[in-house]
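# Working through the structure, step by step
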Amino acid sequence: MATTSAPGVGLLGCGAHLPDEVLDNETVAAAAGVEPGWIERKTGVLARRRAAQEDASSDLAARAAREALRDSGVPADRLSLVVVATSTPDSPQPPTASLVQHLIGATGAAAFDVNAVCSGFVFALETARAMLRPGGYALVVGVDIYTRIVDPSDRRTAALFGDGAGAVVLGPVEPGRGVLATGLTSRGDLHGMIGVPAGGSRIPPSKDSLLVGEHWFTMDGRGVREFVAAELPAAVAGFLAEHGVAGEAVDHFVPHQANLRMLDEVFPTLGLPNARSHHTVAEYGNTGAASVPITLAAARDSFRPGETVLLAAFGGGMAIGLSLLRW
């Protein structure tokens, strides 16, 4: 596991944007050929949001970004970096971050995307932190519009996924606060568990690829669940031990909102007896790279100065991203 430690850079503001349209379980269940109660029993999801037809990922990202900038008090033109984590970009190119930069007026910033699927926000957070010059400011956004790539008839994915964006502004904080350490790891040998087969250089877009459904998002749900159960506890324990932090010292746990039932199963195995685990998955579903920053924005009012917050994301690749913050 690659690890870094850099006190002195922290979160100055948080923001989130959820589309107005609510997709309830009755609507999703009808298309997927299941009962609404089946979705709740299997996933814990009660609703999810769907982006308006005219909106793309950059639009959702810009709205969350503006919220984070307002919260931080940092003007957009003071940003030196705009990093967007997404696996549902507006288009293959240019990077969605360049569109966000334009929409928010971050004229002096370098803008680029990071794709680590549902782990993307933590990967982007560390990328921005590592690149940020002393005294500088960065915007990190996680955004995904999964309702555009999920087959409504596939109960394994349609039951879980929704759309949204979350953002944070990074900047200087007093020593001992902010991002204390980050751990990133990937299991490329397991890459086949999650993906969209077509649309890239391996299987270019074509009438044939559309007809056979190769542009839909696919996921081995059981395999992912087994991966998280086997890999996440060891990753958390090793990460905390490497940085000399006892599990008892973690006050808040903000995980990727993959599936509420899975989170309820894995949390007791992580060795965080005093941590409060924060969830938004019941209300918003799995929002991909947006889920950690959306949940962070929702939970932040419960954090107290000096408390420790552990972010944990996992997703396609198969990747795990962990970040330890002192609020």
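Attention here is on the structure that accompanies the text. Just so it is clear, the structure is predicted and the values come from calculations on it, not from any experiment.

The linkage connecting Q93 with the following residue, P94, adopts the cis geometry, with an omega of 5°. Positionally, P94 belongs in the loop between β5 (81-85) and α4 (96-104). Following G317, the chain continues to M318 via a peptide bond in cis, the omega torsion being -20°. With respect to the helices, strands and loops of the structure, M318 is situated in the loop between β14 (308-315) and β15 (319-326). Positive phi outside glycine occurs at V117, with the angle close to 50°. Looking at where V117 falls in the secondary structure, it is placed in the loop between β6 (110-114) and α5 (120-131). Judged by relative accessible area, which is 17%, V117 ranks as buried.

So, about the pairing of strand β7 (residues 138-145). Counting buried positions along β7 gives eight out of eight residues, so the element sits mostly inside the fold. A two-sided burial pattern is seen for β7, the buried positions comprising A138, V140, G142 and D144 on one face and L139, V141, V143 and I145 on the other. With five bridges joining them, β5 and β7 adopt parallel strand pairing. Following the sheet pairing, A85 is matched in β7 by G142. Summarising the sheet, β7 and strand β8 (residues 163-172) pair through eight bridges and their orientation is antiparallel. Across the sheet, A138 pairs through a bridge with L170, a residue of β8.

Backbone-to-backbone hydrogen bonds join strands into a sheet, with any given pair of strands oriented parallel or antiparallel. Read across the sheet, five strands follow the order β2-β8-β7-β5-β6 without closing on themselves; strand pairing throughout is mixed. The strands lining the two open edges of the sheet, one partner per strand, are β2 (9-17) and β6. Each strand of the sheet is rotated relative to its neighbour by a mean of 20°, with strand direction disregarded. The sheet contacts of α4 involve β5, β6 and β7, and relative to β6 the element is tilted by about 140°.

The next point concerns the packing of helix α1 (residues 25-32) against helix α2 (residues 36-43). Running from N to C, α1 and α2 point in directions that differ by 105°, and their axes come no closer than 8 Å. Taken as axis vectors, α1 and α2 run roughly perpendicular relative to one another. Two secondary-structure elements touch here, α1 through N25, E26, V28 and A29 and α2 through P36, I39 and E40. For the contact of α1 with α2, the class distribution of residues is four nonpolar, one polar and two charged.

This next bit is on the side chain of T308. Secondary-structure assignment places T308 in strand β14. Apart from the residues lying within four places of it in its own chain, the contact partners of T308 are A249, V250, D251, H252, L324, L325 and R326.

Now for the packing of aromatic side chains. Throughout the structure, instances matching the rule amount to five aromatic pairs. Measuring from centroid to centroid gives 5.0 Å for F161 and F217, while their planes differ by 65°, and the two rings are edge-to-face. Of this pair, F161 sits in the loop between α6 (155-158) and β8 while F217 sits in the loop between α7 (207-211) and β11 (218-219); the two residues are 56 residues apart in sequence, bridging distant segments of the chain. The exposure classification of F161 matches that of F217, with both residues buried. A centroid spacing of 5.6 Å and a plane angle of 25° characterise the contact between F253 and F267, whose relative ring orientation is stacked. With a gap of 14 residues between them, F253 in strand β12 (residues 252-255) and F267 in the loop between α9 (260-266) and β13 (276-277) connect regions that are remote in the sequence. Aromatic rings pair up to connect Y146, F161 and F217 into one cluster.

Cut-offs used in this document
Residues numbered from 1 in each chain as written. Predicted model: local features only at pLDDT ≥ 70, side-chain atom pairs only at ≥ 80, totals over all residues. Heavy atoms only, no water. Helix = DSSP H or I, 4+ residues; strand = E, 2+ residues; numbered from the N terminus. Buried < 20%, exposed > 50% of the residue type's maximum accessible area, 1.4 Å probe, protein only. Pairing = 2+ DSSP bridges. Axes fitted to C-alpha atoms, helices over the stretch in contact; angles between N-to-C directions. Contact = heavy atoms within 4.5 Å. Parallel < 35°, antiparallel > 145°, perpendicular 65-115°, else oblique. Nonpolar A, V, L, I, M, F, W, Y, C, P; charged D, E, K, R; others polar. Phe/Tyr/Trp six-rings, centres within 6.5 Å; stacked < 30°, edge-to-face > 60°.

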